Amino acid sequence: MGFKEDFAWGAATASYQIEGAAFEEGKGLSIWDVYCTQPGKVYEGHTGEVACDHYHRYKEDVQLMKEMGIKAYRFSISWPRVLPYGIGEINEAGLAFYDRLVDELIEAGIEPYVTLFHWDFPYELHKKGGWMNSESPSWFAEYTRVVVERLSNRVKNFFTFNEPQCFIGFGYSRGVHAPGLKQSLRDTLAMAHNVLLAHGHSVRVIRSYAPKDVKVGFAPTAFMNYPCSEKPEDIEAAKRSIFEMPKEVGENWAWNVTWWSDSVLLGHYPEDGLRLLKDYLPEIKEGDMEIISEPIDFLGHNIYTGRAIKADENGDPIYLTREAGSPKTALNWPITPECLYWGPRFLYERYQKPIYVTENGMACHDVISLDGKVHDPNRIDFLHRYLKALRRAAEEGVEVQGYFQWSLMDNFEWHSGYAERFGLVYVDYQNQNRIIKDSGYWYKSVIEANGRNL
């Protein structure tokens, strides 16, 4: 028992983080192209203008994946590369790039998984109000159609959105990601509703324009808390902590599971969220929830960390403080492998959909050693612990379909620029040389054994 034989062992990337060629061959501006030019917004003034130069080096990168035995590759499409103005005119050169990438992947025996939106929103549509504009769901539907008509004869798996919690919460509420705004709660809730409508319309378009065997889901995120013991009361408290909305109204309201996933998978916003946010809600029109909850095939989830939970005398969750010296990543994120067992288990119990772990990994202080190699034992240990936890979930009946390590290669880590390295492949940004890290070869051994060696 363990991972199913057709388990999707993969790695993931995002367009703005790796492609570069930001102003080449007809690509339009994204909000990240503009945000990165604002002083003080991104670490040391870094931008994604060149990034990993994947736009020109994609063949080399696909061969690196093949060398590591990777079976599936989750990448995102740059909306403004395909539609420079967000709608209307199609940039044939941009579409042709993704054509070539998909063909290269298939030739290498790697299954492509396409994410339609991983944060690089077209700047021309941002000038029209972005997600605040009630037309934004139809904009996204038009973009979806262009991509699906071109790629769905070869791409069988689509994700609509990556981490709406982050691009709404960090981009428009806290203002630390593009476009760097701090908008009102009323505004960000209206945006969230439009994003969810855009998701539903996108699912319908994919079903309409793609062959019948295509599958679709989306990829939210959140902390995946876990019980401090296996006592029933602690397990129940941990589950409650995951599926409760924040207790207070504030700029972090978007950081939760249920506002985004109950609406999509259960057809309604969570009751505690509706009570909490009742004074700020957008108009929810008749038929909106039906569109938002258009049936999907699987649930992706980006899972990195969580918190230990204990039940108090009333069964309510208590968030436990970590012990001094507890392990953490180079980004100071807590290392909590338990979350890759309990997270998929709780999500599967609630939503009854096959699960993909669409991102999981860690930032390390990676360097090229004197022997010319990149030794990253911390990442190997991290992945080993987390994948053991995921295997336990699979062994106990959670329908885990695949795992995408974040990330295939070191890349532009948003407001952290190039300061953080998450990759299985080391990128030297001075000359664009790639080196497979020890963890990349370790991951290959896990893939070859289908996780039986964990």
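Cut-offs and rules
Residues numbered from 1 in each chain as written. Predicted model: local features only at pLDDT ≥ 70, side-chain atom pairs only at ≥ 80, totals over all residues. Heavy atoms only, no water. 1 Å grid on protein atoms, 1.4 Å probe; cavity = no way out; pocket = protein on both sides within 12 Å on 5 of 7 lines; lining within 4 Å. Points joined across faces, edges and corners; volume = space filled by probe spheres on them. Helix = DSSP H or I, 4+ residues; strand = E, 2+ residues; numbered from the N terminus. Nonpolar A, V, L, I, M, F, W, Y, C, P; charged D, E, K, R; others polar. Pairing = 2+ DSSP bridges. Axes fitted to C-alpha atoms, helices over the stretch in contact; angles between N-to-C directions. Disulfide = S-S within 2.5 Å. Buried < 20%, exposed > 50% of the residue type's maximum accessible area, 1.4 Å probe, protein only. Contact = heavy atoms within 4.5 Å. UniProt positions renumbered as here; feature names shortened; annotations may be inferred. Polar contact = N/O pair within 3.5 Å; in protein donor to acceptor, adjacent residues only side chain to side chain.

Peer 1: Which parts of the structure should I look at to understand empty space enclosed by the protein?
Peer 2: Which parts of space are left empty comes out when a probe the size of a water molecule is rolled across the atoms. Scanning all chains against the criterion turns up two cavities of 30 Å³ or more. What the largest cavity holds in volume is close to 60 Å³. Together, I31, W32, F117, W119, F121, W131, C166, F167, Y172, H177 and A178 line the largest cavity. Where the lining of the largest cavity is concerned, the elements lending two or more residues are helix 2 (31–35) and helix 8 (164–173). Taken as a whole, the second largest cavity encloses approximately 40 Å³ of empty space. In this structure, the second largest cavity is lined by S15, Y16, E19, G20, A22, K27, G48, S78, R81 and D120. When its residues are assigned to classes, the lining of the second largest cavity shows two nonpolar, four polar and four charged.

Peer 1: What's the story with the sheet that holds strand 10 (residues 355–360) in this structure? I'm lost.
Peer 2: Two orientations exist for strands paired in a sheet by backbone hydrogen bonds: parallel and antiparallel. An order of 1-2-3-4-5-7-10-11 is seen for the eight strands of this closed barrel, with the pairing classed as parallel. Within the sheet, the average angular offset between the axes of one strand and its neighbour, ignoring direction, is 25 degrees. By the bridge criterion, three bridges tie strand 1 (residues 8–12) to strand 2 (residues 72–76) in an arrangement that is parallel. Bridge pairing in strand 2 places A11 opposite Y73.

Peer 1: For this particular structure, what's the right way to read the state of the cysteines?
Peer 2: A covalent bond between the sulfur atoms of two cysteines is what we call a disulfide. Tallied over the full model, the rule gives zero disulfides. Of all cysteine sulfurs, the one in C52 lies closest to C36, which takes part in no disulfide; the gap is 14 Å. Using a relative accessible area of 6% as the deciding quantity, one classes C36 as buried.

Peer 1: Looking at this structure, I do not really get the sheet that holds strand 9 (residues 317–319). What am I missing?
Peer 2: Strand order in the open sheet formed by three strands is 6-8-9, with mixed pairing between adjacent strands. Two strands in the sheet have a free side with no partner beyond their single neighbour: strand 6 (226–227) and strand 9. Two strands pair when backbone bridges link them, and strand 6 and strand 8 (residues 308–311) are joined in this way by two bridges, in the parallel orientation. Each bridged residue has a counterpart across the sheet, and for Y226 the counterpart in strand 8 is A308. In the packing of helix 10 (residues 232–243) onto the sheet, contacts are made with strand 6, strand 8 and strand 9, and the angle to strand 8 comes to roughly 120 degrees.

Peer 1: Honestly, the UniProt feature "binding site: substrate" (unreviewed entry) in the chain in this entry has me stumped. Any pointers?
Peer 2: UniProt records the feature "binding site: substrate" (unreviewed entry) for Q17, H118, N162, Y304, W406, E413 and W414 in the present numbering. From the set just named, the residues that line the largest pocket comprise Q17, H118, N162, Y304, W406, E413 and W414. Summarising the element assignment, Y304 is placed in the loop between strand 7 (298–302) and strand 8. Y304 sits in the buried class, given a relative accessible area of 11%. For Y304, the contacting residues outside a window of four places in its chain are W333, P334, T336, C339, E359, N360, G361, Y386, W406 and F422. A distance of 2.5 Å separates polar atoms of two side chains, one belonging to Y304 and the other to E359. One can find W406 in strand 11 (residues 400–406).

Peer 1: Explain the layout of surface pockets to me, please; I cannot follow it from the model alone.
Peer 2: Computed from the structure, the largest pocket encloses a volume of approximately 1,200 Å³. Its residues assigned to classes, the lining of the largest pocket comprises 20 nonpolar, 15 polar and nine charged. Here the second largest pocket defines a volume of roughly 320 Å³. Lining the second largest pocket are 18 residues, with Y226, A308, R322, T336 and E338 positioned closest to its centre. The residue makeup of the lining of the second largest pocket, split by class, is eleven nonpolar, three polar and four charged.

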